[in-house]
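Architecture and fold: a report
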Amino acid sequence: MKASIVLLFALLAAGCSLQEPLADNANLPAKEDKRSERLSRQKEAVVRFFRPMAVQEGDWLDTQKEPGETFEEYLASNPTLPTPARRTIYIQPIGKFTGEQKRAMALTAEYMKAFYNLPVKLNAEIPLGNVPPDKQRKIEYKNNLQIRTAYFLDDLLPKLLPNDAAALIAFTNYDLYPGDTWSFVFGQATFSERVGVYSLYRLSNIAFGRDNDKDRLLTRALKIAMHETGHMFSMKHCTKYECLMSGTNHLDETDRRPLDDCPECMAKLAWAMHYDPVERYNALAAFWEKNGRAAEAKIFREKAKAVKGVEAAS
Ligand SMILES: [Zn+2]
Ligand SMILES: [Zn+2]
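Small disclaimer: the values here were computed from a predicted structure and weren't measured.

In terms of helices and strands, the protein carries 11 helices and 8 strands. Put simply, of all contacts in the protein between residues at least 6 apart along the chain, 72% involve residues at least 24 apart. Looking at the protein as shown, the accessible area adds up to about 14,600 Å², and 54% of this sits on carbon and sulfur atoms.

Distances from the zinc ion (ligand 2) to its protein donors, C238 (SG), C243 (SG), C262 (SG) and C265 (SG), fall at 2.3 Å. Coordination at the zinc ion (ligand 2) is tetrahedral, judged from the 4 donor atoms that bind it and the angles of 105 to 114° they form at the metal. Spacing between the donor residues of the zinc ion (ligand 2) along their common chain follows C-x4-C-x18-C-x2-C. Exposure remark for C243: the relative accessible area of 0% places this residue in the buried category.

Moving on: helix α9 (residues 263–273). For α9, the tally of buried residues reaches 11 of 11 residues, placing the bulk of the element in the interior. Along α9, the residues that are buried comprise P263, E264, C265, M266, A267, K268, L269, A270, W271, A272 and M273. In the core, the buried residues of α9 are packed alongside α2 (30–44), α4 (71–76), α5 (99–116) and α10 (277–290).

The next subject is the pattern of salt bridges. Throughout the structure, instances matching the rule amount to 21 salt bridges. One salt bridge connects E264 with K240, and the closest N-O pair in it is separated by 3.2 Å. Here K240 lies in the loop between α7 (216–232) and α8 (251–256) and E264 lies in helix α9, a separation of 24 residues in the sequence. Look at E264 and you get buried, because its relative accessible area is 3%.

Let us now look at the packing of α2 against helix α11 (residues 294–313). Two elements in contact, α2 and α11, have axes whose closest approach is 8 Å; the angle formed by their N-to-C orientations is 125°. Relative to α11, the element α2 is oriented oblique. The interaxial crossing formed by α2 with α11 has right-handed handedness. Packed against α2, whose contacting residues are R38, R41 and Q42, the element α11 presents V307, V310 and E311 at the interface.

Quick look at the environment of L160 now. Relative to the helices and strands, L160 resides in helix α6 (residues 149–160). Look at L160 and you get partly exposed, because its relative accessible area is 35%. L160 sits 35 residues away from V195 along the chain, and the two C-alpha atoms are 9.7 Å apart. Setting aside chain neighbours within four positions, we find L160 in contact with I126 and L168.

Under the defined criterion, the tally for this structure stands at 12 aromatic pairs. Three or more aromatic residues link up through ring pairs in this structure, and these residues are Y111, F115, Y116, F233, F287 and W288. Above the plane of the ring of Y177 lies R137, whose end atom (NZ or CZ) is 3.8 Å from the centre. Above the plane of the ring of F115 lies R280, whose end atom (NZ or CZ) is 4.4 Å from the centre.

Once that is clear, we can look at the pairing of strand β1 (residues 88–94). Where burial is concerned, most of β1 is hidden: 7 out of the 7 residues are buried. What you see with β1 is no split at all: T88, Y90, Q92 and I94 on one side and I89, I91 and P93 on the other are buried throughout. In the sheet, β1 pairs with strand β5 (residues 165–172) via 7 bridges, with the strands oriented parallel. Following the sheet pairing, I89 is matched in β5 by A167. The sheet contact formed by β1 and strand β2 (residues 120–122) spans 3 bridges and is parallel. Residue pairing across strands places Y90 opposite K121, the latter belonging to β2. This β-α-β element, β1 to α5 to β2, shows right-handed connectivity.

Right, let's talk about α6 for a bit. Over its 12 residues, α6 runs 16 Å from end to end, which matches the ideal 16 Å to within 8%, given 1.5 Å per residue. Along α6, the residues classified as buried are T149, A150, Y151, F152, L153, L156 and L157. On its buried face, α6 sits against β1, β4 (144–148), β5, β6 (175–177), β7 (187–190) and β8 (195–199).

Reading guide: rules and limits
- Each chain has its residues counted from 1, running along the sequence as written.
- Here chains are named by letter from A upward and ligands by number from 1 upward, in the order in which they appear as written.
- A pLDDT threshold of at least 70 governs which residues receive local features in this predicted model, and a stricter bar of 80 or more applies before side-chain atom pairs are shown or counted, although totals over entire chains, interfaces and linings include all residues.
- Excluding hydrogens and water, the side-chain values take into account all heavy atoms of the structure.
- A run of H or I in DSSP counts as a helix once it spans at least four residues, and a run of E counts as a strand once it spans at least two, with each numbered from the N terminus.
- Contacts between residues were defined by any pair of non-hydrogen atoms, one from each residue, lying within 4.5 Å.
- All accessible-area figures derive from a Shrake-Rupley calculation using a 1.4 Å probe, and residue coverage is judged against the displayed protein chains alone.
- Note: metal donors comprise N, O and S atoms at 2.8 Å or less from the metal (3.2 Å for Na, K and Ca); water molecules are not included, so apparent gaps in a site are possible.
- All geometry calls rest on donor angles, where a four-donor set with angles between 85 and 135 degrees is tetrahedral, four- and six-donor sets with opposite donors more than 155 degrees apart and all others between 65 and 115 are square planar and octahedral, and all else is irregular.
- The rule is simple: take the accessible area with a 1.4 Å probe, protein chains only, and divide by the maximum for that residue type; under 20% is buried, over 50% is exposed, in between is partly exposed.
- The salt bridge criterion pairs a side-chain nitrogen of Lys or Arg with a carboxyl oxygen of Asp or Glu, the two atoms within 4 Å.
- Where helices are involved, their axes are fitted lines through C-alpha atoms of the stretch in contact, as for all axes, and angles between N-to-C directions lie from 0 to 180°.
- Our angle categories are set so that under 35 degrees counts as roughly parallel, over 145 as roughly antiparallel, 65 to 115 as roughly perpendicular, and the remainder as oblique.
- Whether a crossing is left-handed or right-handed is set by the direction in which the near helix is turned from the far one by less than a right angle, anticlockwise for left-handed and clockwise for right-handed.
- Pairing of aromatic rings covers Phe, Tyr and the six-membered ring of Trp, with a centre-to-centre limit of 6.5 Å; geometry is then stacked below 30 degrees between planes, edge-to-face above 60, and tilted otherwise.
- Should the NZ of a Lys or the CZ of an Arg lie within 6 Å of a ring centre and within 35 degrees of the ring normal, that charge is described as sitting over the ring.
- Here a strand pair is declared whenever DSSP counts at least two bridges between the two strands.
- Clockwise travel from the first strand over the helix to the second, with the strands pointing away from the viewer, marks a crossover as right-handed.
- Multiply 1.5 Å by the residue count of a helix minus one, and that product is the helix's expected span.

Right, dumping it as structure tokens:
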């Protein structure tokens, strides 16, 4: 068990590398100062909706030392931001999918738009294409075809990357592996090249965990896609709260994490995307109302109200 945890940890770590932002403590202009001051106040209003980070055995922070990153540290880090020329996030399905998987991808595109306030385009499905022999293998005991992530990241996706893409995220139903010594990986991204690939293969609804989530595939796909997109805008792993931007070692840890950014990470995102937190929380509430998850919707409406309250008081 221990060995499998370590291996899994290494796999996820491989799939979750973060481009270091350029160190630059540039002074923010006065207008930016005001905006960041306001967000510093607003983020305090939603603290009560999040739990402080609690590390369990085998968790990401049990095996990794990470400093975390506050809102203020993010501002000082000269992060990669969307530009007018490159702000669309493309989601590219590759292969054949079940109805449930198609629904999860369509909803991921919708959630992404509400979450990041960027244009999101869901492309039509394309076939896998001809995978060279050295970029595929079969797992003997299951006779299961696996595709090496390099096939997507180096061969296929760069050719499909549109000029206006902030990122091109591929979803596939094939099981993935990053190299011969690995058993599998959930996904991998190269942020400098703006492409990433994530497999839905191991995310299915096999069992309901402690949160009794009947929509587990969708919930996991949303968490993984939002988390990786956060990295694309230089957001580091969060260590302060149980947060969507916290690193995870295994699916059980992913399942424990919320479907939203903590106060610090929310402020980073709102600043990076020029996104009003009240508008954002209401958009996310509307998503869940439309998709029949009243409990999620209610929390987002309450967050919107809490931030509005701070504004009225100041
Ligand atoms: Zn990560
Ligand atoms: Zn966070």
